[in-house]
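Per-entry structural report
In case you want the letters, here they are:
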Amino acid sequence: MERKLVMSFKDQVGSKFNLIVNSVKDEVTEVEIEAIMDSVLTTGAVISKNGALIEKLGAVIVETTETEYDVQ
């Protein structure tokens, strides 16, 4: 099973911007996620096509599984 962290922000024009982190550890905490999101906002390290990210909207962890089938 793969785990992805999807963090949602609002940019300067009010559009939603998702930042996705692949292979998130099982032990990640809400406090750690919030700290990452705060860092993204304060450093300005990530910019959307519409400009700077200005507000946190939310975060979710998405878990996916794969089922392989042997088809001939």
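So, a few notes on the structure that sits alongside this text.

Criteria and cut-off values
Residues numbered from 1 in each chain as written. Predicted model: local features only at pLDDT ≥ 70, side-chain atom pairs only at ≥ 80, totals over all residues. Heavy atoms only, no water. Buried < 20%, exposed > 50% of the residue type's maximum accessible area, 1.4 Å probe, protein only. Helix = DSSP H or I, 4+ residues; strand = E, 2+ residues; numbered from the N terminus. Pairing = 2+ DSSP bridges. Salt bridge = Lys/Arg side-chain N within 4 Å of Asp/Glu carboxyl O. Patch = residues over 30% accessible without salt bridge, like charges linked within 9 Å, V, L, I, M, F, W, Y side chains within 5 Å. Areas by Shrake-Rupley, 256 points an atom, 1.4 Å probe, with all protein chains shown as cover. Lys, Arg positive; Asp, Glu negative; His and termini not counted. Charge placed at Lys NZ, Arg CZ, Asp CG, Glu CD. Core = buried A, V, L, I, M, F, W, Y, C linked by side-chain atoms within 4.5 Å.

Our next topic: the pairing of strand 1 (residues 2–11). Within strand 1, seven of the 10 residues are buried, which leaves the element mostly enclosed by the surrounding structure. Looking at chain direction, strand 1 and strand 4 (residues 51–64) are connected through 10 bridges and run antiparallel. Bridge pairing links Leu-5 to Ile-61 in strand 4. Relative to strand 2 (residues 16–22), strand 1 runs antiparallel, the two being bridged by seven bridges. The partner of Val-6 across the bridge, within strand 2, is Ile-20. From the end of strand 1 to the start of strand 2, which pair antiparallel, there are four residues, and Gly-14 there has a positive phi angle of about 90°.

Attention shifts here to the pattern of salt bridges. Within this structure, the stated rule accounts for six salt bridges. Here Lys-25 and Glu-32 are joined by a salt bridge, their closest N and O atoms 3.6 Å apart. In this structure Lys-25 comes out as partly exposed when scored by relative accessible area, which is 44%. For Glu-32, a relative accessible area of 32% gives the class partly exposed. Among the salt bridges present, the one from Lys-56 reaches Glu-34, with a minimum N-O distance of 3.2 Å. Within this pair, whereas Lys-56 is found in strand 4, its partner Glu-34 is found in helix 1 (residues 30–43), the two being separated by 22 residues in sequence.

The grouping of Glu-2, Glu-66, Glu-68 and Asp-70 at the surface amounts to a negative patch. Here Glu-2 lies in strand 1. Overall, the relative accessible area of 31% leaves Glu-2 in the partly exposed class.

Time to look at the nonpolar core. Judged by nonpolar contacts, Leu-5, Met-7, Phe-9, Val-24, Val-28, Ile-33, Met-37, Val-40 and Leu-53 together constitute the single largest core of nine residues. Every element with two or more residues in this core is listed here: strand 1 and helix 1.

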